[in-house]
Amino acid sequence: MERNYTEAFADEVVQVCVAKYKSLKKTGKPKTGGEWTLLSCFVQEEWTNNTPKDSNTFKGSNTLKVVALGTGSKCIGAQQLPRDGDVLHDSHAEVVARRAFVLYLIQQVRSAADGQTSIFQVKNGTFVLKPDVFFHFYTSHTPCGDASIFPKQEWLESVGNALKMEDKDAPCATILPSREGKHLHRSGEVMETREAYRSATPKGQHLHGLCREAESGSDTEVPTKKRKFEDVGNTMKNENKQTKEEGTNNDKDNNITEERASNGIRILSDTFRTGAKCVSGETPDPRLPGSEYHVTGVLRTKPGRGDPTLSMSCSDKMFKWTVLGVQGALLMLLLDKPVYVNTVVIGQCPYSQEAMSRAIFGRFQKKIESLKLPEGFSVHTPVLLQSCVEFPHSRSYVSSNVPDGCKLMPTPTSIVWTDTSLHTESQEVVTNGRRLGCTKKNIGTSKSWVSICRRVISNKVLDLVKDSVLKLEDLSHVSYNNLKCHSESYLQAWSSVRVACLPNWTEKTKHLKDFKIMYSKPAVQGASL
């Protein structure tokens, strides 16, 4: 089904995500007074056909619901990775949400295999996604890595015209962040301002703080405040001080140079920065003053606290999803085709459509033209959108609502939630890759395992698979790496992508992938796998 996804749709997606986040318990969320976090979600869109029998024109209605949610900004260093697959290596919100989504897909496969209601149907011995089901990915902040590198000058110029429209007579254009104490979805004046701004702004490049919105139907109100455009420079300098856990550089920004456009607007000649580091074999960052600090288009790893990580940046991982899907290698043992997302929605934050496009697929465009992919795989480029709906625990929102001098800190925990029976009562909370509250005595036992760690995911997949598919003689002594190696189509696609586009992608050592997984019960009944 062809759809024309718009910014209004992006707003709807974010509202659903923020509403789900707000509905969760406080455990694992930022504490009041300066803590912030990042939010990512997978949203399922399902269509119902309402076309009359005598009509040739399709008429349908769609529903949106969050099926997987993750928060966080931490990452474990390479030297701290255990060999048993029972610790979550990467707790950036995008990765937590993706792994939670895999857990959701596993349960849906099980439901289909058992003849229950599911988004999958059994066909020719594999599981096929129903044609009226689509997925969308939301993240509250620009992904770390290549997508976070773009000129501040370009971004500020893009909002300059909109600000001049707001106050033509002012000596310096003013920002009206719509803090009138109104419900933004009910205020025609605010919505007119928003539409005027959007029409004057290049697609996707929305001003931080300009269109702060309350959730539709919420009682949240936003107070009034005016700021001069000159103050945006200070805001942007603060953005560069974000912690490394979020993937941005926290060095003091002493290399910004000032320029003035013909309209007198103050412009900062610099680049938004990322804390993600260029991997070995890629062109290194020159780290020159101002806009010459970074190179673009290269692979990067997330920073850790002292100990470097092996985790690739979220920008790099999201490119991988556009070719290999978001389901991972293990689930491809069961599915006929990869699962792709139709849209990527970015929340209200500094953003560049050009940088996002470059990071997610543009930098590899020529290389992927020659890819030879197995049947079912394709280069599936999602529609990129930005929403004006702000996440209430984002760094920018928290910083604008705490007293001056209050120290901003990322919350040390991550939240995992899925639309499965596992999280019916409450979300999981993760700290240092393990369940919150895990004692030293419980480390290494199932009491410390997060539901989305490698060990648990591989156990669940193995429980779904019969030996006729894997052709394994003994399912009771299968290693994680051995199970992945049977996903031949996925590995063939991954090999092709890696050779053509990602030769310097980090490789985890063999001992981190050779842990044994337990075949705990017979394969599911009700379907021929």
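Residues numbered from 1 in each chain as written. Predicted model: local features only at pLDDT ≥ 70, side-chain atom pairs only at ≥ 80, totals over all residues. Heavy atoms only, no water.

So, on to the overall build of the protein. Helices and strands together make up the secondary structure of the protein, namely 14 helices and 22 strands. Put simply, the protein has 529 residues, and 57% of those count as buried. Sequence-distant contacts in the protein: of pairs separated by 6 or more residues, those separated by 24 or more amount to 73%. Here the protein displays about 23,100 Å² of accessible surface, and carbon together with sulfur accounts for 47% of that area. (Helix = DSSP H or I, 4+ residues; strand = E, 2+ residues; numbered from the N terminus. Buried < 20%, exposed > 50% of the residue type's maximum accessible area, 1.4 Å probe, protein only. Contact = heavy atoms within 4.5 Å. Areas by Shrake-Rupley, 256 points an atom, 1.4 Å probe, with all protein chains shown as cover.)

Before going further, it helps to examine unusual backbone geometry. Positioned with a positive phi, Asn124 is a non-glycine residue whose angle comes to about 55°. Along the chain, Asn124 falls in the loop between β6 (120–123) and β7 (126–129). By relative accessible area, which is 74% here, Asn124 ends up exposed. Positioned with a positive phi, Arg287 is a non-glycine residue whose angle comes to about 55°. Of note, Arg287 is situated in the loop between β13 (277–278) and β14 (300–301). Residue classification places Arg287 among the partly exposed positions, given a relative accessible area of 43%.

As a further point, take the pattern of salt bridges. Counted under the stated rule, the structure contains 12 salt bridges. Asp285 serves as the salt-bridge partner of Arg300, at 2.7 Å between the closest nitrogen and oxygen. Placement of the pair is Arg300 in strand β14 and Asp285 in the loop between β13 and β14, with a sequence separation of 15 residues. Assigned by exposure class, Arg300 and Asp285 land together as buried. A cluster of three or more residues bridged by salt bridges with shared partners is formed by Asp90, Lys302 and Lys317. (Salt bridge = Lys/Arg side-chain N within 4 Å of Asp/Glu carboxyl O.)

Burial analysis of strand β8 (residues 133–139) places 7 of its 7 residues in the buried class, which makes it a mostly covered element. The alternating pattern of β8 places Val133, Phe135, Phe137 and Thr139 and Phe134, His136 and Tyr138 on opposite faces, both of which are buried. Relative to β8, strand β2 (residues 39–49) is paired through 7 bridges, and the arrangement is antiparallel. From the neighbouring strand, Val43 faces β8, where its bridge partner is His136. (Pairing = 2+ DSSP bridges.)

Bringing the confidence of the model for the protein into the picture now. Low-pLDDT portions of the prediction should not be read for the details of their coordinates. Counting all residues, the mean pLDDT for the protein is 78, and 71% of those residues have values of 70 or more. Counted against residues more than four places away or in other chains, residues 161–257, with its pLDDT under 50, gives 232 contacts. Counting interchain partners and residues more than four positions distant, the pLDDT-below-50 stretch residues 521–529 has 30 contacts. (pLDDT = per-residue confidence, 0-100.)

Further remarks concern the nonpolar core. Formed by 76 residues in total, the largest nonpolar core has its most connected members in Phe42, Phe101, Leu105, Met356 and Leu502. Broken down by element, this core gets its largest block of residues, 12 residues, from helix α2 (residues 93–113). Core analysis: the second largest hydrophobic core is formed by 22 residues, Val14, Leu64, Ile415 and Trp417 among them. (Core = buried A, V, L, I, M, F, W, Y, C linked by side-chain atoms within 4.5 Å.)

Before going further, it helps to spend a moment on helix α14 (residues 488–500). A rise of 1.5 Å per residue sets the reference length of α14, with its 13 residues, at 18 Å; its end C-alpha atoms lie 18 Å apart and thus fit the reference within 8%. Residues Tyr490, Ala493, Trp494, Ser496 and Val497 constitute the buried set of α14. Viewed end-on, α14 has its buried residues packed into an arc of 160°, placing them on one side of the element. Residues of α14 that are exposed and angled more than 90 degrees away from the buried face: Glu488 and Val499. In this structure, the buried residues of α14 make contact with α6 (314–324) and α7 (328–331). (Expected span 1.5 Å × (residues − 1). Arc of directions from axis to C-beta.)

This next bit is on the packing of α6 against helix α8 (residues 353–360). Geometry of a packed helix pair, given as the angle between the helix axes and the separation of the axes. Orientation of α6 relative to α8, taken along the N-to-C sense of each, is 60°, at an axis distance of 8 Å. Contact residues: α6 offers Ser315, Met318, Phe319 and Thr322, while α8 offers Met356, Ala359 and Ile360. Of the residues contributing to the contact of α6 with α8, the split by class is 5 nonpolar, 2 polar and no charged. (Axes fitted to C-alpha atoms, helices over the stretch in contact; angles between N-to-C directions. Nonpolar A, V, L, I, M, F, W, Y, C, P; charged D, E, K, R; others polar.)

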